[in-house]
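Chains, contacts and geometry: an overview
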Amino acid sequence: VQLQASGGGLVQAGGSLRLSCAASGNIFTINAMGWYRQAPGKQRELVATITSGGNTNYADFVKGRFTLSRDNAKNTVYLQMNSLKPEDTAVYYCNADIILRTWVRNDYWGQGTLVTVSS
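Predicted model, so just to flag it, every value in this text is computed and none were measured.

1. Quick look at the packing of aromatic side chains
Throughout the structure, instances matching the rule amount to two aromatic pairs. Judged by centre distance (5.0 Å) and plane angle (65°), the ring pair of tyrosine 36 and tryptophan 109 falls under edge-to-face. Here tyrosine 36, found in strand E4 (residues 27-38), pairs with tryptophan 109, found in strand E10 (residues 105-109); they are 73 residues apart in sequence, far enough to count as distant. The partly exposed category is assigned to tyrosine 36, whose relative accessible area is 22%. Here arginine 44 stacks its cationic end above the ring of tyrosine 93, 3.8 Å away from the centre of that ring. Cation over ring: arginine 44 sits above tryptophan 109, and NZ or CZ is 4.7 Å from the ring centre.

Written out as structure tokens, the structure is:
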């Protein structure tokens with residue numbers, strides 16, 4: 001299984017970016033998907049998660065600015081980030097709780113995509 005993340009980049013404060021993460025491989029079904037981030041010198045933290053049914057959970061620091069969605073047919077999760085702040089600068093990692101066709105259940109991580117917000 002691979003999680004391929006894309007969409008990071010450099011943006012000015014107040015701007016927007018959209019991250020995508022597509023899962024591929026021997027997948028039977030995907031439970032929760034989500035995004036975490038890790039800023040330099042800090043621990044990785046939860047940004048947002050979404051269940052297979054579309055229920056979302058957001059960290060307080062992104063509520064009202066970020067929107068998480070998913071396309072189950074494409075095994076893809078999207079993070080729309082608006083009103084970006086310099087403190088949102090971090091490497092963003094996608095995560096997925098996946099059940100394989102072999103009935104093995106694992107937690108998978110994408111390679112990370114850098115988001116840099118300039119002031």
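2. Examining the side chain of arginine 37
With respect to the secondary-structure elements, arginine 37 resides in strand E4. Under the relative-accessibility criterion, arginine 37 is labelled buried at 5%. A distance of 2.9 Å separates polar atoms of two side chains, one belonging to arginine 37 and the other to aspartate 88. If we skip the residues at most four places from it in the chain, arginine 37 touches Gln43, Arg44, Glu45, Val47, Phe61, Val62, Phe66, Glu87, Asp88, Ala90, Val91 and Tyr92.

3. Things to note about the pairing of strand E9 (residues 90-100)
Two faces, one strand: in a regular strand the side chains alternate between the faces of the sheet. Of all 11 residues making up E9, 10 are buried, and the element is well covered by its neighbours. With nine bridges connecting them, E4 and E9 associate as antiparallel partners. Residue pairing across strands places isoleucine 30 opposite isoleucine 98, the latter belonging to E9. Here E9 runs beside strand E11 (residues 113-118); their pairing, made up of three bridges, is antiparallel. Of the residues in E11, the one forming a bridge with alanine 90 is valine 115. Relative to E10, E9 runs antiparallel, the two sharing five bridges.

4. Here's the deal with the environment of isoleucine 30
Its place among the elements puts isoleucine 30 in strand E4. What makes isoleucine 30 buried here is its relative accessible area of 4%. Measuring from C-alpha to C-alpha, the distance between isoleucine 30 and tyrosine 92 comes to 20 Å, with 62 residues separating the pair along the chain. In this structure isoleucine 30 touches Ala23, Ser52, Arg70, Asn75, Ala96, Asp97 and Ile98, once residues within four positions along its chain are discounted.

Definitions and cut-offs
- Residues numbered from 1 in each chain as written.
- Predicted model: local features only at pLDDT ≥ 70, side-chain atom pairs only at ≥ 80, totals over all residues.
- Heavy atoms only, no water.
- Phe/Tyr/Trp six-rings, centres within 6.5 Å; stacked < 30°, edge-to-face > 60°.
- Helix = DSSP H or I, 4+ residues; strand = E, 2+ residues; numbered from the N terminus.
- Buried < 20%, exposed > 50% of the residue type's maximum accessible area, 1.4 Å probe, protein only.
- Lys NZ or Arg CZ within 6 Å of the ring centre and 35° of its normal.
- Polar contact = N/O pair within 3.5 Å; in protein donor to acceptor, adjacent residues only side chain to side chain.
- Contact = heavy atoms within 4.5 Å.
- Pairing = 2+ DSSP bridges.

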